[in-house]
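Residue-level structural notes
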Amino acid sequence: GDSVTQTEGLVTLTKGLPVMLNCTYQTTYSPFLFWYVQHLNEAPKLLLKSSTDNKRTEHQGFYATLHKSSSSFHLQKSSVQLSDSALYFCALSSANYGNEKITFGAGTKLTIKP
Amino acid sequence: DPKIIQKPKYLVAVTGSEKILICEQYLGHNAMYWYRQSAKKPLEFMFSYSYQKLMDNQTASSRFQPQSSKKNHLDLQITALKPDDSATYFCASSQDPGFNNQAPLFGEGTRLSVL
């Protein structure tokens, strides 16, 4: 079945530094990838969704590129802010009609310090 | 205004009791989902419904039963509650299943505590 791996459980950074959160996936079907952000006591909200292979997608200063060759969709930002402290989930939907679910990774908790 | 309404926001139950979690969406979506979030499993898929039909069930226990009385409703009945059922339950929806570049939109969740 489908799976998503996020290797970092916790990431702590100082404000202004760059960040990369890793996401790799496994599926036998054509993949669609998403990044969700969840602030404390809130619902997960969509941050980014993948475009075509090797094409970068951006939103609110975050960006990610789907690389089918390496099954990856890493999330990056060049300069993190205090407000970026949150839980980040990578999620996979595969083009398998009849498999109506999104598979989420375990999440990465990002903490930004002043 | 929230487009996916979940009720109640907080729920405390005793072990062995039964509760119903309510979810309504006003987005005109045809697919609805339930996810569970706890410290052990951050976002765990439970059920998906499409046009009021069950499409996928990844919940091992029959104590969890989704109920769809209308296209924009997907409630979750939980019977014989256990302390391990304590979690936040999120309802989500998307326009249509099978259009795989659609990201589900999540409700605010129901936080369930079983004593």
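This is a predicted model, so every value here is computed, not measured.

The rules behind each value
Residues numbered from 1 in each chain as written. Chains lettered and ligands numbered in written order. Predicted model: local features only at pLDDT ≥ 70, side-chain atom pairs only at ≥ 80, totals over all residues. Heavy atoms only, no water. Helix = DSSP H or I, 4+ residues; strand = E, 2+ residues; numbered from the N terminus. Contact = heavy atoms within 4.5 Å. Areas by Shrake-Rupley, 256 points an atom, 1.4 Å probe, with all protein chains shown as cover. Lys, Arg positive; Asp, Glu negative; His and termini not counted. Charge placed at Lys NZ, Arg CZ, Asp CG, Glu CD. Pairing = 2+ DSSP bridges. Axes fitted to C-alpha atoms, helices over the stretch in contact; angles between N-to-C directions. Core = buried A, V, L, I, M, F, W, Y, C linked by side-chain atoms within 4.5 Å. Buried < 20%, exposed > 50% of the residue type's maximum accessible area, 1.4 Å probe, protein only. Polar contact = N/O pair within 3.5 Å; in protein donor to acceptor, adjacent residues only side chain to side chain. Salt bridge = Lys/Arg side-chain N within 4 Å of Asp/Glu carboxyl O. Disulfide = S-S within 2.5 Å.

**Remarks on the overall build of chain B**
The secondary structure content of chain B amounts to 0 helices and 11 strands. Counted from the first residue to the last, chain B has its helices and strands arranged as β-β-β-β-β-β-β-β-β-β-β. Dimensions of chain B along its principal axes, counting C-alpha atoms only, are 40 × 30 × 25 Å. In chain B, 55% of the contacts between residues at least 6 apart in sequence involve partners at least 24 apart. Counting only carbon and sulfur atoms, one obtains 52% of the accessible surface of chain B, whose full area is about 5500 Å². One finds the centroid of the 13 positive side-chain charges in chain B at a distance of 2 Å from the centroid of its 10 negative side-chain charges.

**Notes on the sheet that holds strand E3 (residues 19-21) of chain A**
All names here are of chain A. A sheet is described by the order of its strands in space; here 4 strands give the open sequence E3-E9-E8-E7, paired in antiparallel fashion. Because the sheet does not close on itself, it has two edges, and the strands there are E3 and strand E7 (56-59). Taking each pair of neighbouring strands and ignoring which way they run, the sheet shows an average axis angle of 20°. Of the pairings in the sheet, the one linking E7 to strand E8 (residues 62-65) comprises 4 bridges and is antiparallel in character. Of the residues in E8, the one forming a bridge with Glu58 is Tyr63.

**Section: the nonpolar core**
Ranked by size, the top nonpolar core spans 24 residues in total, and within it Leu33, Trp35, Leu47, Leu75 and Tyr88 of chain A carry the most contacts. Counting residues per element, the ones that place at least two in this core are strand E2 (10-14), E3, strand E5 (31-38), strand E6 (45-49), E8, strand E10 (86-94) and strand E12 (108-113) of chain A. The element best represented in this core is E10 of chain A, accounting for 4 residues. If you look at the next biggest cluster of nonpolar residues, it comprises 20 residues, including Cys23, Trp34, Met46 and Ile78 of chain B.

**Examining the interface of chain B and chain A**
Quoted interface sizes are often the accessible area lost when the parts come together. Tallying the contact residues gives 22 residues for chain B and 24 residues for chain A. Counting the contacts that link chain B with chain A gives 4 residue pairs in polar contact (both at pLDDT 80 or more). If you list the elements that add at least two residues to the side of chain B that touches chain A, you get strand E4 (31-37), strand E5 (44-50) and strand E6 (53-57) of chain B. At 3 residues, the largest contribution of residues to the side of chain B that touches chain A is made by E4 of chain B.

**Considering the pattern of salt bridges**
Within this structure, the stated rule accounts for 6 salt bridges over all chains. For the salt bridge of Lys45 of chain A with Glu42 of chain A, the shortest nitrogen-to-oxygen distance reads 3.5 Å. Notably, a salt bridge pairs Glu24 of chain B with Lys7 of chain B, separated by 3.9 Å at the nearest N-O pair. With Glu24 of chain B in strand E3 (residues 19-25) and Lys7 of chain B in strand E1 (residues 4-7), this pair connects stretches of sequence that are 17 residues apart. A residue is classified by how much of its surface remains accessible, and Lys7 of chain B, at 44% relative accessible area, is partly exposed.

**A short note on the state of the cysteines**
One pass over the structure, following the stated rule, counts 2 disulfides over all chains. Here Cys23 of chain A connects covalently by a disulfide to Cys90 of chain A, the sulfurs 1.9 Å from one another. Note on the Cys23 of chain A and Cys90 of chain A pair: the S-S dihedral is about -65°, so by sign convention the disulfide is left-handed. Residue Cys23 of chain A is located in the loop between E3 and strand E4 (24-26), and its partner Cys90 of chain A is located in strand E10; the two are separated by 67 residues in the primary sequence. Comparing Cys23 of chain A with Cys90 of chain A, the two get one shared label, buried. Two residues share a disulfide in this structure: Cys23 of chain B and Cys91 of chain B, whose sulfurs sit 1.9 Å from each other. With the S-S bond torsion at -70°, the cross-link from Cys23 of chain B to Cys91 of chain B turns out left-handed.

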